[in-house]
Amino acid sequence: MNRLNVELPGLRLKNPIMPASGCFGFGREFSQFYDLSKLGAIMIKATTLEPRFGNPTPRVAETAAGMLNAIGLQNPGLEKVIAEELPWLSQFDVPIIANVAGSVEEDYVAVARKISQAANVKALELNISCPNVKTGGIAFGTIPEVAKQLTRKVKEVSAVPVYVKLSPNVSNIVEMAQAVEAGGADGITMINTLVGMRLDIKTGKPILANLTGGLSGPAIKPIAIRMIYEVSQAVSLPIIGMGGVQSAEDVIEFLYAGASAVAVGTANLVDPLVCPAIIDDLPDVLERLGYEHIKECIGRSWQRDGQFANHRA
Amino acid sequence: MIRKELCKILSQKEIAANIYELRVKATLVDDIRAPGQFVHVRVTNGIDPLLRRPISISAYNQQTEQMTLIYRKEGRGTSLMVQLEPGMELDILGPLGNGFPIEEVSVGETALLVGGGIGVPPLYELSKQLVAKGVNVIHILGFQTKSAVFYEKEFSKNGLTFITTADGTYGRKGFVTDVIKEVSFDCLYTCGPTPMLRAIEQGFPDKRVFLSLEERMACGVGACFACVCQSGDAADTSYKKVCSDGPVFRAGEVVL
Ligand SMILES: Cc1cc2nc3c(=O)[nH]c(=O)nc-3n(C[C@H](O)[C@H](O)[C@H](O)COP(=O)(O)OP(=O)(O)OC[C@H]3O[C@@H](n4cnc5c(N)ncnc54)[C@H](O)[C@@H]3O)c2cc1C
Ligand SMILES: Cc1cc2nc3c(=O)[nH]c(=O)nc-3n(C[C@H](O)[C@H](O)[C@H](O)COP(=O)(O)O)c2cc1C
Ligand code: FES
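In this text, all values refer to a predicted model and were calculated from it rather than measured experimentally.

### Considering the site of ligand 1
Residue and element names in this part refer to chain B. By nearness alone, 18 residues border ligand 1, and R53, P54, G77, T78 and I118 come closest of all. I70 is positioned with one of its backbone polar atoms (N or O) 2.9 Å from a nitrogen atom of ligand 1. In the model, an oxygen atom of ligand 1 is placed 2.7 Å from a nitrogen or oxygen of the R216 side chain. If ligand 1 stood free it would expose 820 Å²; the protein chains cover 86% of that surface. Top contributing element to the shell around ligand 1 by residue count: strand β4 (residues 53-56), with four residues. When grouped by side-chain class, the residues that make up the shell around ligand 1 number seven nonpolar, four polar and seven charged. Each of domain 1 (3-95) and domain 3 (215-256) accounts for three or more of the residues forming the shell around ligand 1.

See below:
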């Protein structure tokens with residue numbers, strides 16, 4: 001019996017584990033290490049209408065139990081992603097979630113329309129939350145009305161379900177989630193990185209050329225858990241959770257908080273084999289905790305007792 | 001193939017002030033293709049520090065599956081590496097990147113190897129392989145001060161070796177670039193701080209020059225776009241990744 005399969009709008013996942021956008025490129029590098037068909041899904045690097053070179057270096061700075069990045073959405077552009085990356089990925093039996101970014105509404109719409117037609121793209125992830133680009137991006141992710149409007153526009157043209165990726169850099173995450181739900185989103189992915197900064201102890205100046213960067217890794221996990229806990233109770237959309245996941249136990253914690261599937265970001269950069277390792281560990285962890293199926297964990301943190309008929313623990 | 005492997009520590013010793021030589025046994029040595037490739041070292045099993053540390057392979061032997069890393073104790077990560085002892089295991093990802101092309105220089109020609117500080121280590125294996133091929137090698141190795149000098153004897157066995165120190169406490173006072181003008185060569189290989197690489201690149205527009213770059217990395221395998229630099233070809237708007245397209249580039253291939 002598969003104890004790990006999960007179904008979400010547009011996505012039949014053999015397990016709930018997928019690499020997060022930007023931490024896996026388009027999969028080529030990781031295919032040297034394992035068969036990508038093993039993954040529940042793959043969230044590919046943000047795609048923009050035109051190629052983007054991104055920010056100057058240094059683009060990464062380490063922090064306690066985390067890292068700051070200011071890559072600046074570097075990517076080869078829509079045309080190349082469709083002509084080269086997606087066809088290459090089609091050799092694997094794995095649904096692709098295309099991360100869509102832009103600086104103005106028309107860009108998002110143009111990318112969404114085209115990329116959602118690729119055969120292996122089963123869902124879009126609207127990146128309205130990148131902290132590392134000067135225009136667009138973050139505004140779409142911090143003003144509820146703007147987010148709602150963008151979601152609606154993208155929904156109109158997308159051939160597949162649309163998940164909206166929320167930024168944690170807001171004072172009221174629930175309000176944002178409700179706005180994209182009202183805009184017609186099919187799901188939510190959260191959280192993107194938190195804006196941070198590091199200074200060089202010798203020069204006194206910021207380490208990152210972009211000055212600020214997005215914080216990711218284990219350091220942000222408690223924030224992600226709290227936000228998913230709040231949002232999952234306030235909207236009826238499924239959530240793909242992320243933020244500092246390193247282990248199968250972390251995955252369970254995200255499901256407890258209210259996520260239905262989990263993405264792994266930064267951990268791939270430290271251990272390229274982390275996703276298959278988590279997938280292999282999950283059945284044992286479920287067994288140990290007394291669950292028949294992974295779905296029994298979803299929302300446990302806030303559901304009333306008695307809703308878990310199968311739970312043996 | 002790139003492997004992630006728990007490698008056995010064979011020995012570790014301090015060979016100059018804050019400079020350590022670490023020998024490990026690893027099957028990933030079988031896959032090393034050229035001197036100048038590097039490995040990505042996980043300095044702790046915990047989450048702090050989180051990222052791996054890139055360190056060049058300074059020597060390797062595929063018969064015995066051993067390799068040597070030489071590193072300077074800098075910050076938190078390398079300070080943790082200092083605590084490694086024989087018998088302990090170290091999580092290493094590698095071999096990574098593309099090394100120095102030894103096929104670019106022919107038997108009987110002269111190769112000049114120029115290293116600055118912690119850029120010296122990868123030149124050692126390069127020097128050995130060039131000599132084995134029948135190439136004459138000349139080394140110019142620059143250090144801050146006398147106590148930081150290492151491997152002078154080892155390099156001297158392979159060919160003429162000049163040492164410079166910035167403060168003049170050992171060898172010639174000054175920088176490697178001061179000595180380069182005095183020697184003639186056919187091909188130049190170099191690794192060290194970016195200002196040094198830039199000066200060398202500008203100084204010899206007509207020669208075959210290969211530079212090994214440093215950039216802050218996360219994944220080390222080409223997936224995250226942390227370590228990029230701009231292509232030297234102005235018509236080409238693409239980018240190069242130091243970790244997977246480099247770290248060694250032909251002069252002019254990327255903007256320093
Ligand atoms: C391809 C390559 C090969 C290298 N080979 C060697 C070698 O053979 N011997 C050696 O001593 N050093 C080498 N370095 C430099 C070495 O990676 C850094 O000295 C080391 O990462 C410092 O880590 P730390 O934790 O001690 O310092 P910290 O300053 O605490 O490190 C903080 C962060 O900055 C990064 N960082 C700091 N300095 C550098 C640097 N110069 N280059 C890249 N990232 C840096 C670290 O990896 C870490 O993520 C190489 C670097 C690269 C890119
Ligand atoms: C190097 C790097 C690049 C990223 N690039 C993107 C991106 O292109 N699009 C996006 O939506 N999120 C991007 N993210 C955010 C991650 O997808 C994820 O939301 C975040 O890092 C939190 O998860 P983690 O702690 O597991 O990394 C990036 C993160 C990192 C570390
Ligand atoms: S370090 Fe990730 S692409 Fe080079």
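### Let's talk about the site of ligand 2
Residues and elements named next belong to chain A. What surrounds ligand 2 is a group of 23 residues, the closest being S21, K165, G217, G244 and T266. Taking N99, its side chain carries an N or O atom lying 2.9 Å from an oxygen atom of ligand 2. The fraction of the free accessible surface of ligand 2 (600 Å²) that becomes covered by protein chains is 98%. Grouping the amino acids of the shell around ligand 2 by side-chain chemistry returns eight nonpolar, 13 polar and two charged.

### Details of the interface of chain B and chain A
Facing the 29 residues of chain B at the interface are 31 residues of chain A. Of the roughly 2,700 Å² buried between chain B and chain A, counting both surfaces, carbon and sulfur atoms make up 64%. Counting the surface chain B buries against chain A, the share from its top three residues, B:L50, B:R216 and B:F225, is 23%. At the junction of chain B and chain A, the tally comes to three salt bridges. A salt bridge links A:E29 to B:K241; the shortest N-O distance between them is 3.8 Å. At the level of elements, β14 (228-230) and β15 (239-241) of chain B are the ones that each hand at least two residues to the side of chain B that touches chain A. Element by element, the count of residues in the side of chain B that touches chain A is highest for β14(B), at three residues. In terms of residue class, the side of chain B that touches chain A is built from 17 nonpolar, four polar and eight charged.

### Quick notes on the environment of B:D31
One can find B:D31 in the loop between β2 (19-25) and β3 (38-42). In this structure B:D31 touches B:M1, B:R3, B:Q37, B:Q62 and B:P95, once residues within four positions along its chain are discounted.

### Considerations on the UniProt feature "domain: FAD-binding FR-type" (unreviewed entry) in chain B
Taking the numbering used here, the UniProt-annotated feature "domain: FAD-binding FR-type" (unreviewed entry) corresponds to residues 2-102 of chain B. With 6% helix and 48% strand, the stretch residues 2-102 of chain B has end C-alpha atoms that lie 21 Å from each other.

### Some remarks on the environment of A:T151
Residues and elements named next belong to chain A. Take T151: it is sitting in helix α4 (residues 144-157). A residue is classified by how much of its surface remains accessible, and T151, at 0% relative accessible area, is buried. Not counting chain neighbours up to four residues away, the residues in contact with T151 comprise L126, V164, V180, G183, G184 and A185. Polar contacts involving the side chain of T151 include one to the main-chain carbonyl oxygen of A147, which spans 2.6 Å.

### Observations regarding the domain arrangement of chain B
When the parts of a complex come together, some accessible area is lost, and that lost area is often taken as the interface size. All names here are of chain B. Split into domains, chain B comes out as domain 1 (3-95), domain 2 (102-214) and domain 3 (215-256). When each unit is reduced to the centre of its C-alpha atoms, the spacing between domain 1 and domain 2 is 23 Å. Residue-level contacts link 16 residues of domain 1 with 14 residues of domain 2. Considering only the surface of domain 1 that becomes buried against domain 2, P35, S58 and I70 emerge as the three largest contributors, covering 37% of it. Taken together, the connections running from domain 1 to domain 2 amount to zero salt bridges. Linking domain 1 to domain 2 there are five residue pairs in polar contact (both at pLDDT 80 or more). For the side of domain 1 that touches domain 2, the secondary-structure elements that each account for two or more residues are β1 (3-16), β2, β5 (59-61) and β6 (66-72). The element best represented in the side of domain 1 that touches domain 2 is β6, accounting for four residues.

### As for the sheet that holds strand β7 (residues 89-96) of chain B
Residue and element names in this part refer to chain B. Sheet architecture is open: seven strands sit in the order β4-β3-β7-β1-β2-β6-β5, paired in antiparallel fashion. Here the strands that pair on one side only, and so sit at the sheet edges, are β4 and β5. For this sheet, the mean inter-axis angle between neighbouring strands, taken without regard to orientation, is 35 degrees. Bridge analysis of β5 against β6 gives three bridges, and the strand direction is antiparallel. If you follow A59 over to β6, its bridge partner there is T68.

Conventions and cut-offs
- Residues numbered from 1 in each chain as written.
- Chains lettered and ligands numbered in written order.
- Predicted model: local features only at pLDDT ≥ 70, side-chain atom pairs only at ≥ 80, totals over all residues.
- Heavy atoms only, no water.
- Near = heavy atom within 4 Å.
- Polar contact = N/O pair within 3.5 Å; in protein donor to acceptor, adjacent residues only side chain to side chain.
- Areas by Shrake-Rupley, 256 points an atom, 1.4 Å probe, with all protein chains shown as cover.
- Helix = DSSP H or I, 4+ residues; strand = E, 2+ residues; numbered from the N terminus.
- Nonpolar A, V, L, I, M, F, W, Y, C, P; charged D, E, K, R; others polar.
- Domains from an automatic or database assignment.
- Contact = heavy atoms within 4.5 Å.
- Buried area = accessible area lost by both parts, 1.4 Å probe.
- Salt bridge = Lys/Arg side-chain N within 4 Å of Asp/Glu carboxyl O.
- UniProt positions renumbered as here; feature names shortened; annotations may be inferred.
- Buried < 20%, exposed > 50% of the residue type's maximum accessible area, 1.4 Å probe, protein only.
- Pairing = 2+ DSSP bridges.
- Axes fitted to C-alpha atoms, helices over the stretch in contact; angles between N-to-C directions.

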